[in-house]
Every structure is written in C-alpha cells, then in structure tokens.
Amino acid sequence: MTGHRPNWYFLATWVFVSPAVCLGIFLFSVMSLVYAEPNVYPWWGELLGFHGVDSVLCCLFHASHTRFSEGHE
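Residues numbered from 1 in each chain as written. Predicted model: local features only at pLDDT ≥ 70, side-chain atom pairs only at ≥ 80, totals over all residues. Heavy atoms only, no water.

A contiguous nonpolar patch, built from Phe 10, Leu 11, Trp 14, Val 15, Phe 16, Val 17, Val 21 and Ile 25 and spanning about 830 Å² of accessible area, is present on the exposed surface. Mapped onto the elements, Ile 25 comes out in helix 1 (residues 8-35). A relative accessible area of 58% means that Ile 25 is categorised as exposed. (Patch = residues over 30% accessible without salt bridge, like charges linked within 9 Å, V, L, I, M, F, W, Y side chains within 5 Å. Areas by Shrake-Rupley, 256 points an atom, 1.4 Å probe, with all protein chains shown as cover. Salt bridge = Lys/Arg side-chain N within 4 Å of Asp/Glu carboxyl O. Helix = DSSP H or I, 4+ residues; strand = E, 2+ residues; numbered from the N terminus. Buried < 20%, exposed > 50% of the residue type's maximum accessible area, 1.4 Å probe, protein only.)

The structure is reproduced here in structure tokens:
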C-alpha cells in the first residue's frame, strides 16, 4: 500500500503471533462453554440477545442480496 515491503517484525506478528492468539482465545472460550454450568437468563436478556442476532442477520442478508442481485458487477 505504501510501496515498501513490511519489515520482519510485522510479518512475524501477522503470520504467527496473531493467529496463535486468536486460536488460543477461541479454544479457551470453547472450553469455558463446555465445562461451565448452564446459565438461565431472564426473558428480557434473551430478547436482547435475539435482537442482536437479528440485526447481524439483516446486515448479512442485505450484503448478500446486494452482491448477488442481477445487474451488479
């Protein structure tokens, strides 16, 4: 982007360190879900959760419709 090759430190963190940290966070979050006791949330908490999922799905549906509709290149 700037016309220069990135230095070795940036390449090492981009290729090795960042994926390792992301994988570690993912694995520990899955482990905490597997070994944790099930939570019981109030109805309004579940409603807020469904609202958050609904808003993300609306964005995904709109993006896919825009991308794959006829006349769009």
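Still to come is the rest of the account.
Another aspect to go through is helix 1. For helix 1, spanning 28 residues, the distance from its first C-alpha to its last is 39 Å, which sits close to the expected 40 Å at 1.5 Å a residue. Bending of helix 1 peaks at approximately 40° at the position of Trp 14. (Expected span 1.5 Å × (residues − 1). Bend = angle between axes of the 7 residues up to and from the residue.)

Take the environment of Val 17 next. Turning to its location among the elements, Val 17 is positioned in helix 1. In sequence terms Val 17 and Ser 32 are 15 residues apart; their C-alpha atoms lie 22 Å from each other.

Attention shifts here to the environment of Asp 54. You can see Asp 54 is positioned in helix 2 (residues 43-68). Remark: the alpha-carbon pair of Asp 54 and Thr 66, spanning twelve residues in sequence, is separated by 18 Å.

Let us now look at the packing of aromatic side chains. How two aromatic rings sit relative to each other is set out by the distance from centre to centre and by the angle between their planes. Taken as a whole and judged by the stated rule, the model has two aromatic pairs. Where Trp 8 meets Tyr 9, the ring centres are 6.0 Å apart and the plane angle is 85°; that geometry is what we call edge-to-face. Judged on exposure class, the residue Trp 8 and its partner Tyr 9 are both exposed. (Phe/Tyr/Trp six-rings, centres within 6.5 Å; stacked < 30°, edge-to-face > 60°.)

Now for the state of the cysteines. Scanning the model with the defined rule gives zero disulfides in all. Counting only cysteine sulfurs, Cys 59 is the nearest neighbor of Cys 58, a cysteine outside any disulfide, at a range of 6.9 Å. (Disulfide = S-S within 2.5 Å.)

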